[in-house]
Amino acid sequence: MIRPRPLTAAGLLVATALVVAMVLLAGMAALGTAGDSDPDDAVRAAPAYTPSARGTLRGLAPAGTLIGTAVDPRGLNLDPAYPGVLAAEFNAVTAENAMKWRNLEPSPGVYAWAGGDQIVDLARRNGQAVYGHTLVWHNDVPDWVSPDWPAEQLREVLRRHVTAVVAHYRGRVWAWDVVNEVLDEDGSLRDTLWLRKLGPGYIADAFRWARQADPDAKLFVNEYGTEGRTGKADALLSLVRQLRADGVPVDGVGFQGHLDAERPPRDVRGNLRRFAALGVRVAVTELDVRVRLPATGEGLRRQAALYRETLRACLDVAACVSVTVWGFTDARSWIPGYHRGYGAACLFDADFRPKPAHAALLDELLARRRSDG
């Protein structure tokens, strides 16, 4: 596994420079007129961020454990506090949307690498590992890919995509979500363009193409609704077992972790262990914990407890290599736009103030450090 490098003095200077630059941008924006701006993309005023006196998530993470976050380029470019919090708190990053196929290849053979490259380059400067997301997903197929094409043409287009993306980031991305959300709610293979036209073998093909493009990257299957012991998790276990028995290079399983504070999953720790018993790495890849709005003290307490229990489950399983939160600030969370009546799902609020969930993760990391001596 690629280990994150310590945050160097140069990395700290870069993060500080980014924050200063964004503060200047905020001041410039204040001199202009607000009538022409999109309020969602307006440059936010710079709130104060001061790391906790107890430490940061990345500073307290055990050796070999990545504490990561998804990265939104709008946050990097528009929220003055965002780059500094990102650099200080996390030792790994995932591109939230910038590496998805629809965004990377808007036209056949025409690649838009800038968004993904920005994240990878920033991660290098900050001493952070990069987790690639995602190579094959039914929701991000470009419009120019036609379902009417014959199977061989579709297979070749998919092969070129997987190969091109992994090769472009070879040596700079430690792991990839090779296939994402391939199971339906009942545990059957999801009815997608790839399954209909190529059959179930497309999953194995994608892993083999990725391995050829970067033999050192760790290759994951990523799924939601499988964090605890569910029928869908049982089906995922069977799928991974079969793929590995067939010699498919599946190195890991990612459990997304989009959770409801009022409905915690059942036996996360035991579930991670039974996947680890297959000989794969496991990871929590997209953790957020939504609460009913308006958020109450009790809701935030439940949220904090579920964040902490999820981290604890990972730390209790030797094969669990990372916990990644799906965005760290409520200012850029996808939850309110997708789950009506819910929000406040992240570790920091919209003004980048740490919430009880952040304190709960620090508590768990500190307790682990004391217990380990």
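Residues numbered from 1 in each chain as written. Predicted model: local features only at pLDDT ≥ 70, side-chain atom pairs only at ≥ 80, totals over all residues. Heavy atoms only, no water.

**Considerations on the overall build of the protein**
Scanning the protein for helices and strands turns up 14 helices and 11 strands. Across the 373 residues in the protein, those meeting the buried criterion constitute 54%. Taking as baseline every contact in the protein between residues at least 6 positions apart, the subset at least 24 positions apart corresponds to 79%. With the model as given, the accessible surface of the protein reaches about 15600 Å², and the carbon-plus-sulfur share is 54%. (Helix = DSSP H or I, 4+ residues; strand = E, 2+ residues; numbered from the N terminus. Buried < 20%, exposed > 50% of the residue type's maximum accessible area, 1.4 Å probe, protein only. Contact = heavy atoms within 4.5 Å. Areas by Shrake-Rupley, 256 points an atom, 1.4 Å probe, with all protein chains shown as cover.)

**Quick notes on the pattern of salt bridges**
Taken as a whole and assessed by the stated rule, the structure comprises 27 salt bridges. The salt bridge involving Asp 316 is made with Arg 368; its shortest N-O contact spans 3.0 Å. On the criterion of sequence distance, the pair formed by Asp 316 in the loop between α12 (297–315) and β10 (320–325) and Arg 368 in helix α14 (residues 356–371) is long-range, its members being 52 residues apart. Connected via shared salt-bridge partners are Arg 269, Arg 308, Glu 309, Arg 312, Asp 316, Glu 364 and Arg 368. (Salt bridge = Lys/Arg side-chain N within 4 Å of Asp/Glu carboxyl O.)

**Description of the nonpolar core**
By size, the foremost hydrophobic cluster in this structure holds 98 residues, and its most contacted members are Val 145, Trp 176 and Trp 194. Tallying contributions element by element places helix α9 (residues 201–213) first for this core, with 8 residues. Setting aside chain neighbours within four positions, we find Trp 176 in contact with Met 99, Gly 132, His 133, Leu 135, Val 165, Val 166, Tyr 169, Ala 217, Lys 218, Leu 219 and Phe 220. Counting 9 residues, the second-largest nonpolar core is a separate cluster that includes Leu 66, Ala 92, Ala 129 and Phe 220. (Core = buried A, V, L, I, M, F, W, Y, C linked by side-chain atoms within 4.5 Å.)

**Quick look at the packing of aromatic side chains**
The way to describe two aromatic rings as a pair is by their centre distance and the angle between their planes. Counted by the stated rule, this structure contains 16 aromatic pairs. Aromatic pair Tyr 131 and Trp 174: ring centres 6.1 Å apart, planes at 70°, arrangement edge-to-face. A residue pair is termed long-range when its members are at least 10 positions apart, and Tyr 131 in strand β3 (residues 129–132) and Trp 174 in the loop between α7 (151–168) and β5 (175–180) qualify at 43 residues. Residue class for Trp 174 comes out buried when judged on its relative accessible area of 2%. Residues Trp 144 and Trp 149 carry aromatic rings whose centres are separated by 6.4 Å and whose planes lie at 45° to one another, so their mutual orientation is tilted. You can call Trp 144 buried: its relative accessible area is 18%. Each residue in the set Tyr 82, Phe 90, Phe 328, Phe 348 and Phe 352 is aromatic and connected to the rest through ring pairs, giving one cluster. (Phe/Tyr/Trp six-rings, centres within 6.5 Å; stacked < 30°, edge-to-face > 60°.)

No statement about biological role is implied by the geometric values presented.
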